[in-house]
Amino acid sequence: MNPTGYGWLVLAFPLAGMLVVSLGWRVLPGRAAGWIASAAIGGAFASSIGMLLQLLDKPEESRSLVGTAYTYADTAGFRADLSILVDPLSVFMCLVVSGVSFLIHLYSLGYMTSDEGFARFFSYLNFFVFSMLLLILAANFVLLIVGWAFVGAASYLLISFWYRRSTATGAGIKAFVINVIGDVGLVIGTFLLFDGTGALDYAGVFAEAESAFGRNDGELVAACVMLLLGAFAKSAQVPLHTWLPDAMEGPTPVSALIHAATMVTAGVYLIARMHPLFELAPAAADVGAVVGAVTMLIAATIALAVTDLKRVIAYSTMSQIGYMIMGVSVAAYGAGLFHLMTHAFFKALLFMGAGSVIGAMGGVQSLDRMGGFRKAMPFTFVTFTIGALALAGFPLFSGFFSKDEILAFTLNRGGGYAVLAVVGYLAAALTAFYAFRMVFRVFFGAPVPEARELEEGHIAHADPANPATGEKEDTGVGFPGPEHHVAEKEPSMKAAMAPLALLAIVAGAMGIPGVTDTLEHFLEPTFEDSRFRETHPSEGEEWLGLIVGGAICLLGIAVAAVMYLRRPGSTARLRARLAPVHTFLENKWYFDELLTGLFVRPTAAFGRFGRTAIESVFVQGVLVGGAVSIVRAGTSFARAIQTGELRAYAFLLVAGFSGLVLYFLIVSI
Amino acid sequence: MDIGWFVVLSAFIFAIGAAGVLTRRSPLVILLCLELMLNAGNLALIAFSRMLGNQDGQVFALIVMVVAACEVVIGLGIIVAMYRRRLPIDVDQMNELRG
Amino acid sequence: MLFEQILFFVAGLGALAGALGVVLIRNPFYSVLSLVVHLVALAVLFLLLRADFIAAAQVVVYAGAVMVLYVFVVAYVGGSDEPLGPEGGALGRIGPLFALLLLVELTIAIVGSSLTALDSTGPEVSAAFGSPGEIGRLLLTKFLLPFEAASFLLLLAAVGAVVLARKRRGLEEPEEAPGAVAVSDVVHEGGAG
């Protein structure tokens, strides 16, 4: 089968899985829904591998294939097909997405076992994977927008999975609304591009772009900025980032899948895919780079202060995506995508480990109540630490090679980008610190009661409650199930975390500067039209960057170790000394309040105004009431004529007749 | 005499009949005035028939006479029925169709 | 010619006088008589217009039969003099005004009409114009359908009159003649005895 055939299979498997599970969940026995869904994603992964092998068979020049299934519209200069694009970039993304999704499905088999919405969860997961793959494989803007919107919908469904929790539904709505803002940007950008180039498919747009727009053409920059808007909303960059921490209301596998490995990387994919346009409009690319850098730093600072375990990891995601966005905006495509892959591995691993810890805590997510789980959860401890080391960029782990490669590239571009690179190194230091803040606070120190219980062999049980607000809940449909699961006790969870831990360690081997450049070489056909193809740092510069990065990482870990292990309580004293700063960071730089005041309140006020002034007065009073009174007046006038008196009728007859004769007389004159 | 005179005369009679219908109170007299109007129409028809040299107008007038006779029969029948039920024979007091 | 003109004016005045009499006389009986005068004057006018048969029909049918019917009803109902004074309020006062308006309009229409034939006395016609033979021929050939329809209408009117003039309300059982015995009673008692 040719690569595009495998491409259609990649899309067909998750779709079939979703349909089977969602339509037949009542008749499927026990946990079969989970197995079917996981098998579907396994099929998608296998098809991705098939796609890869088929692609590698082809010579390098012809590694970009488009397969069209159906021409949706072809009229008057507008052509939209149902077509997929198979090239190194999309194959790479498919492999990452389907592979990590498969592992997360396995994890969910264990984690969501006792939840009443088990089948619903897996159908949503499959739908999400399908949408993400559709987004990646799309060959034209129309299908891209379709996949983009589906992904937004799927994330809404999954975030508010425990729908009887009001905080969860609120978070889902918030995520969806912000995603829609991004969707609007994407659509407007597409329109501007269509207006300029007259084409909707990637090949057509990229071919026409150079002739249709000049360099840094106003319209092209506007289109690219609109596309960036979409990317920022999906990838949670400032200022459209406020949905990501709240999205931690969803179950942990959701956080692992959507908010670590797949959905948030859609923005990175978008910029990488549209690189001909961004290189033609450097102003837009610079916007992307700056926003990425700013997000990187802000998120890292917030991660120092928040106390909810999952939210620390969420801000870490935001920060790392900032790295990737900056990377692809400064044309370090290979490096940015390499980091995307390694980040998917270690971030999903971190979330899985966090899920295990939260299970041990009986649903509590606050760092303040955790401690000393090292002896009780050895497997989780090891995998979590591996993930944290990769995140921090510890030498020889995967994050080390990928993150520092981006920074080396950025430095190499020179000029203003050097400033961004410095910001990147600063954020790297903070990253190392907060990564190990988590490790030390959760696993080291005196064991908390829950840890002691686990050491004895059973999981702590707490009354079901909302971890954020403490409200009482039950364990029926719409709320988490009654039992909690830890990795040590669930084989499927272990089966999912182990490969990721391994990959987090060895994946770096794909991009050791000077030794292997497997990934870069593989992605070359997609990016060979980049004008920055030849501008990459020399080997010596790259190794220098790596050494600097490694040093910073070790420094960060050392500081964390000192503050948490050697001098416990020093952080509390620091917090007291820098109280205003700490409050500022803990309140997430007050972005939520800012956006609420700027957008939410005025809109709500306008809605109230609309209801009282426009709806009640104008529509009800004038339009509806007016229509009623006009009809009433007309009918009462008509009634007045019906007097019942013969003489009046006769009079009307004669009067009408004479009027008619008068009319004819006048007309004939 | 010119035909026009006859037609003008018929217009006069028609107008007088119309005034009578609007003015009188007794339904009997109103019916009589209705007869006046019909006769005025007949006169006009005959006049035009003479003008065109065609007898169609005369046949028309004959049929009008038949219709007038039928209408008188029914109208008088109604008045007799009203009288039998001791209703006032007064047009102004018959307004049960009011609405 | 002169004779015809004099006759026209006399008959015309008579018609107008009769019409005014119908409208103005208070006593309905006298109104009916006034209408009879009007009808006879109209018959003379028809004769002037060479409508012999119609004139005869007017006198015999209209003045002779219909008006007699009217006289009967007026005698039965006994219409008394209508009271003088304002009749029917506002409508009674402006009604004649509209009639006057109508008259003016019609007169303007006729006098200002572009039918030049109105200013003549009509074309030469044969001696049989307006004779019963001619009318009859037309009735049975060209106007057969209206003729039949008119007869049907007469039938309807007759039936309607009968229904309207019934003594009591609606259709009820016919009164039993005195001394009449129902068959059922006889058979019943016969069976017992």
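Residues numbered from 1 in each chain as written. Chains lettered and ligands numbered in written order. Predicted model: local features only at pLDDT ≥ 70, side-chain atom pairs only at ≥ 80, totals over all residues. Heavy atoms only, no water.

1. Some thoughts on the overall build of chain C
Looking only at helices and strands, chain C has 7 helices and 0 strands in total. The helix and strand sequence of chain C, counted from the amino end, reads α-α-α-α-α-α-α. Within chain C, the fraction of its 193 residues that count as buried is 31%. The long-range share in chain C, meaning contacts at least 24 apart out of those at least 6 apart in sequence, stands at 61%. Here chain C has roughly 11,800 Å² of accessible surface; of this, 72% comes from carbon and sulfur atoms. (Helix = DSSP H or I, 4+ residues; strand = E, 2+ residues; numbered from the N terminus. Buried < 20%, exposed > 50% of the residue type's maximum accessible area, 1.4 Å probe, protein only. Contact = heavy atoms within 4.5 Å. Areas by Shrake-Rupley, 256 points an atom, 1.4 Å probe, with all protein chains shown as cover.)

2. A few points about helix α5 (residues 132-140) of chain C
Residues C:I135, C:L138 and C:L139 constitute the buried set of α5(C). An end-on view of α5(C) places all buried positions within 100° of arc, on one side of the element. In this structure, α5(C) carries C:G133 and C:L140 as exposed residues pointing more than 90 degrees from its buried face. Next to the buried residues of α5(C) lie α3 (56-84) of chain B together with α3 (52-77) and α6 (144-164) of chain C. (Arc of directions from axis to C-beta.)

3. Side note on the packing of helix α15 (residues 333-360) of chain A against helix α16 (residues 378-392) of chain A
Axis angle and axis distance: for two packed helices, these are the angle between their axes and the distance between the axes, and together they describe the pair. All names here are of chain A. Packing of α15 against α16 leaves a shortest axis separation of 8 Å and a crossing angle of 145°. Regarding α15 and α16, the two cross each other, and that crossing is left-handed. Across the interface between the two elements, F346, K347, L349, L350, G353, A354, S356 and V357 of α15 pack against T380, T383, F384, I386, G387, A388, A390 and L391 of α16. (Axes fitted to C-alpha atoms, helices over the stretch in contact; angles between N-to-C directions. Left-handed = near helix turned anticlockwise from the far one by under 90°.)

4. Here we look at the pairing of strand β2 (residues 78-86) of chain A
Across a regular strand the side chains alternate sides, sitting on one face of the sheet and then on the other. Bridge count for strand β1 (residues 65-75) of chain A against β2(A) is 9 bridges, and the pairing is antiparallel. Across the sheet, A:A73 pairs through a bridge with A:A80, a residue of β2(A). (Pairing = 2+ DSSP bridges.)

5. Examining the interface of chain B and chain A
Taken together, the 14 residues of chain B in the interface contact 12 residues of chain A. Across the interface of chain B and chain A, roughly 1,000 Å² is buried in total on both sides, 59% from carbon and sulfur atoms. Between chain B and chain A we count 3 residue pairs in polar contact (both at pLDDT 80 or more) in total. For the side of chain B that touches chain A, the leading source of residues is helix α1 (residues 3-23) of chain B, giving 4 residues. Split by residue class, the side of chain B that touches chain A holds 7 nonpolar, 3 polar and 4 charged. (Buried area = accessible area lost by both parts, 1.4 Å probe. Polar contact = N/O pair within 3.5 Å; in protein donor to acceptor, adjacent residues only side chain to side chain. Nonpolar A, V, L, I, M, F, W, Y, C, P; charged D, E, K, R; others polar.)

6. Focus: helix α5 (residues 141-159) of chain A
Between its first and last C-alpha atoms α5(A) spans 27 Å; for 19 residues at 1.5 Å apiece the expected length is 27 Å, and the two agree. Those residues of α5(A) not exposed but buried are A:F141, A:L143, A:L144, A:G147, A:W148, A:V151, A:G152, A:A154, A:S155, A:L158 and A:I159. (Expected span 1.5 Å × (residues − 1).)

7. Remarks on the pattern of salt bridges
Residue and element names in this part refer to chain A. Applying the stated criterion across every chain yields a total of 9 salt bridges over all chains. Across the pair R273 and D87 runs a salt bridge whose closest N-O atoms are separated by 2.9 Å. With R273 in helix α11 (residues 266-273) and D87 in the loop between β2 and α3 (88-111), this residue pair connects regions lying 186 residues apart in the sequence. When its relative accessible area of 4% is taken as the criterion, R273 is described as buried. Across the pair R311 and D308 runs a salt bridge, and its minimum N-O distance is 3.0 Å. The buried category is assigned to D308, whose relative accessible area is 17%. (Salt bridge = Lys/Arg side-chain N within 4 Å of Asp/Glu carboxyl O.)

8. Points about the confidence of the model for chain C
Residue and element names in this part refer to chain C. For chain C, per-residue confidence averages 83 on the pLDDT scale, and 79% of positions sit at 70 or higher. Across chain C, helix α2 (residues 28-48) holds the top mean pLDDT of 94, while helix α7 (residues 183-192) sits lowest at 52. With pLDDT under 50 throughout, residues 189-193 is counted as low confidence; its partners more than four residues away or in other chains account for 0 contacts. We note a pTM of 0.70 for the whole complex and an ipTM of 0.92 for its interfaces. (pLDDT = per-residue confidence, 0-100.)

9. Comments concerning the interface of chain C and chain B
Taken together, the contact pairs 78 residues of chain C with 68 residues of chain B. Surface buried jointly by chain C and chain B totals about 6,900 Å² across both partners, of which 77% is contributed by carbon and sulfur atoms. Counting across the chain C and chain B interface gives 1 salt bridge. Close ionic contact of B:D56 with C:K142 constitutes a salt bridge, the shortest N to O distance being 2.6 Å. There are 9 residue pairs in polar contact (both at pLDDT 80 or more) connecting chain C and chain B. Elements with a minimum of two residues in the side of chain C that touches chain B: α1 (2-24), α2, α3, α4 (89-111), α5 and α6 of chain C. The element contributing the most residues to the side of chain C that touches chain B is α3(C), with 12 residues.

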